[in-house]
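Spelled out, the chains give:
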Amino acid sequence: MYLKKIDLVVFCSKTITIYIRTKRILSLLTSAIAEDYNQEGDARLNKNDFNNALDFYTRGIELKCKDDQLNATMYTNRARVHFCMGRKKYM
């Protein structure tokens, strides 16, 4: 049986620990969490809260979900944040 322990840092710096029994569930879960990070990054970017937007996109990317389109979107959005911050060397 596949069993993987994951510690998730949830908003407000709270950490929860979950145990995943199948790789499929892990894949679905990481994609859903990455999508949430992307949406939160979008909301922060729309408010010109660049530091927090950058943090949310980076967290989503670090999950390494298997959704290539979502990963590409988060990398593009993070590059856009760097551009808005005047950090052209990170693009």
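A short tour of the structure in this document, coming up. Keep in mind the model is a prediction, meaning the values are calculated, not measured. (Residues numbered from 1 in each chain as written. Predicted model: local features only at pLDDT ≥ 70, side-chain atom pairs only at ≥ 80, totals over all residues. Heavy atoms only, no water.)

### Section: the side chain of Asn-71
On the secondary structure map, Asn-71 appears in helix H3 (residues 68-84). Asn-71 gets classed as buried once you look at its relative accessible area, which sits at 13%. A distance of 2.8 Å separates a polar atom in the side chain of Asn-71 from the backbone oxygen of Cys-65. (Helix = DSSP H or I, 4+ residues; strand = E, 2+ residues; numbered from the N terminus. Buried < 20%, exposed > 50% of the residue type's maximum accessible area, 1.4 Å probe, protein only. Polar contact = N/O pair within 3.5 Å; in protein donor to acceptor, adjacent residues only side chain to side chain.)

### Focus on H3
Along an α-helix, residues three or four apart share an orientation, since each turn contains 3.6 residues. With 17 residues, H3 extends 24 Å from end C-alpha to end C-alpha; this agrees with the ideal 24 Å at 1.5 Å per step. Among the residues of H3, Leu-70, Asn-71, Met-74, Asn-77, Val-81 and His-82 are the ones counted as buried. Looking straight down H3, one finds that the buried residues subtend no more than 145° of arc, so they occupy a single side. More than 90 degrees from the buried face of H3, the exposed residues found are Asp-68, Gln-69 and Thr-76. (Expected span 1.5 Å × (residues − 1). Arc of directions from axis to C-beta.)

### Concerning the pattern of salt bridges
In the structure shown here, the tally under the stated rule is three salt bridges. Of the charged contacts, one joins Glu-40 and Arg-44 as a salt bridge, the two residues approaching to 3.0 Å between their closest N and O atoms. Here Glu-40 and its partner Arg-44 are both found in helix H1 (residues 23-46), four residues apart, which amounts to about one turn of the helix. For Glu-40, a relative accessible area of 25% puts it in the partly exposed group. (Salt bridge = Lys/Arg side-chain N within 4 Å of Asp/Glu carboxyl O.)

### Observations concerning unusual backbone geometry
One non-glycine residue, Asn-48, lies in the positive phi region at around 60°. On the basis of relative accessible area, Asn-48 is assigned to the exposed category, the value being 55%. Located in the positive-phi region is Lys-64, a residue other than glycine, with phi close to 55°. Position of Lys-64 relative to the elements: it lies in the loop between helix H2 (50-62) and H3. A relative accessible area of 69% places Lys-64 in the exposed class.

### Considering H2
Over its 13 residues, H2 runs 18 Å from end to end, which matches the ideal 18 Å to within 8%, given 1.5 Å per residue. Where H2 is concerned, the buried positions are Ala-53, Leu-54, Phe-56, Tyr-57, Thr-58, Gly-60 and Ile-61. Just downstream of H2 lies Lys-64, where phi reads positive at about 55°.

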